[in-house]
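Below are the chains, spelled out letter by letter.
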Amino acid sequence: MTTTAKPNRLTDIGPPHYEKFLPPMVKKNYSKWKYHESVAPGVLCHVGESGDRLYTVRAGSPRLLSIQTIRLFADLADRYSGGHLRFTSRNNVEFLLTDPDNIEPLKKDLVGAGFPVGGTGNSISNIVHTQGWIHCHSAATDASGIVKAVMDALCDRFTQQNMPAKLRIALACCLNMCGAVHCSDIAILGIHRLPPKVQTTNVPKVCEVPTLIASCPTGAIRPLTVDGKTSVEVVEEQCMYCANCFTVCPALPLNDAENDGLSIWVGGKVGNARSEPKFSKLAIPFIPNHPPRWPEVVDAVVNIVDVYAKHAHKYERMGEWIERIGWPKFFQLTGIEFTRYHIDDFKHAGLTYARSAHIKY
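Residue indices follow the written sequence of each chain, beginning from 1 at its first position. It should be noted that, the model being predicted, local features are given only for residues of pLDDT at least 70 and side-chain atom pairs only at 80 or more, the latter also being counted only at that level, while totals for whole chains, interfaces and linings use all residues. Only hydrogens and water are removed before side-chain values are computed, so all heavy atoms of the structure are retained for them.

1. Description of the packing of aromatic side chains
Part 1 of the argument: Aromatic contacts are taken between Phe, Tyr and Trp rings whose centres are within 6.5 Å, Trp giving its six-membered ring; a plane angle under 30 degrees counts as stacked, one over 60 as edge-to-face, and the others as tilted. For the structure shown, the criterion picks out 11 aromatic pairs.
Part 2 of the argument: Measuring from centroid to centroid gives 6.3 Å for Y18 and Y30, while their planes differ by 35 degrees, and the two rings are tilted. Here Y18 is found in the segment before α1 (24-28), whereas its partner Y30 is found in the loop between α1 and β1 (33-40), with 12 residues between them in sequence.
Part 3 of the argument: For every residue, the accessible area (1.4 Å probe, protein chains only) is compared with the maximum for its type, and the residue is labelled buried under 20%, exposed over 50%, or partly exposed between those bounds. With a relative accessible area of 42%, Y30 lands in the partly exposed category.
Part 4 of the argument: Their ring planes at 75 degrees and their centres at 5.5 Å tell us that F330 and F331 sit as a pair that is edge-to-face. Of the two residues, F330 and F331, both sit in the buried class.
Part 5 of the argument: Between R193 and the ring centre of F286, over which it is positioned, the NZ or CZ distance is 3.6 Å. Where helices and strands are cited, they refer to DSSP runs of H or I of at least four residues and of E of at least two residues respectively, numbered from the N terminus. For a ring to carry a charge above it, either NZ of a lysine or CZ of an arginine must fall within 6 Å of the ring centroid while also lying within 35 degrees of the normal to the ring plane.

2. Quick notes on the side chain of K278
Part 1 of the argument: By the secondary structure assignment, K278 is in the loop between β11 (261-266) and β12 (281-288).
Part 2 of the argument: Classification of K278 as buried rests on a relative accessible area of 7%.
Part 3 of the argument: Pairing of N or O atoms within 3.5 Å defines a polar contact, subject to two protein rules: one partner must be a possible hydrogen donor and the other a possible acceptor, and residues neighboring in sequence count only if both atoms are side-chain atoms. Among the polar contacts made by the side chain of K278, one reaches the side chain of E323 at a distance of 3.0 Å.
Part 4 of the argument: When residues no more than four places from it in sequence are discounted, the contact partners of K278 are H182, C183, G267, G268, K269, G319, E320 and E323. Whether two residues touch is decided by their heavy atoms; if any such pair falls within 4.5 Å, the residues are in contact.

3. What about the packing of helix α9 (residues 295-311) against helix α10 (residues 318-325)?
Part 1 of the argument: Packing of α9 against α10 leaves a shortest axis separation of 11 Å and a crossing angle of 70 degrees. With respect to α10, the axis of α9 lies roughly perpendicular. Of the two elements, α9 crosses α10, and the hand of that crossing is left-handed. Facing I304, V307, Y308 and H311 of α9, the residues of α10 in contact are M318, W321 and R324. Working convention: axes come from line fits to C-alpha atoms, limited for helices to the stretch in contact. Angles between N-to-C directions cover 0 to 180 degrees. Here the angle decides the label: under 35 degrees means roughly parallel, over 145 means roughly antiparallel, 65 to 115 means roughly perpendicular, and every other value means oblique. Crossing handedness follows the turn of the near helix against the far one: under a right angle anticlockwise gives a left-handed crossing, and clockwise gives a right-handed one.

This is how it looks when you write it as structure tokens:
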């Protein structure tokens, strides 16, 4: 069998090929790994067909990194892993080592600098999250601040493998859902509760009205003439608070300090190992924003984690545990109040959504 050489790139548009950044051992054993094993919390070992062993040390890091933190990670990589590191999709930093003697010194330096080592096996990995108030124009809550507060309370669940199964937490600062809140075991979702406030006189000055009307996924924005000038109005019953309109027209701000807040969802997952993938479902409809530490959110998440850790079977994911015991029992064990907002009005949705990669005959 002859292999065709990769053609040279015809343009410099786009990222360079990922192979350029692979560590030598990864490149040598690419697609030839036999298995991997967990050495300790936060430490993995991948074994290749060649007998090579690649060690991974994983540490939690903030999603928004200062230049000082980046320099620290770079210095540690130069010292212990030949300059090689990577970031996971959940904002962990992983150092790729070939010398096992460097594992403990690296772990000591990371912990000493305030970056806990863990997040592997049956533990809580770092929280994947969105922009929050720092960058996003449609955020109903913050992201980094809540993640910091929650992970401070759950740090021992990150550094130890003492959960029934792996547990994934996600945060999205609004229902546009840049984070993986639909498919995580526990999801924190920012929500708006009031429609956008139309600044009638500013709409024709700063917005293209046809584009603004077309931006609404539910058709809630209608043209309106005010004092002989074209503007818009919002039909509140049809508004889903997505902020698409504000994205194209700054004269329709949606943020509201008194009414914006958060909701908690549970039971989502991507894996097919023991059951089909699952969408997360509503657990707590509304929690107010109380920065800088969001104590109600932290207490709610910690409570759900503790109850799950106490009652779930080994290797049973959050959604699988809830389905086994039933939702009434879940609300009873967690002490969460059941409200009218928990009643699903998407009739037969669970039967019609194509969620599984399983082959059916």
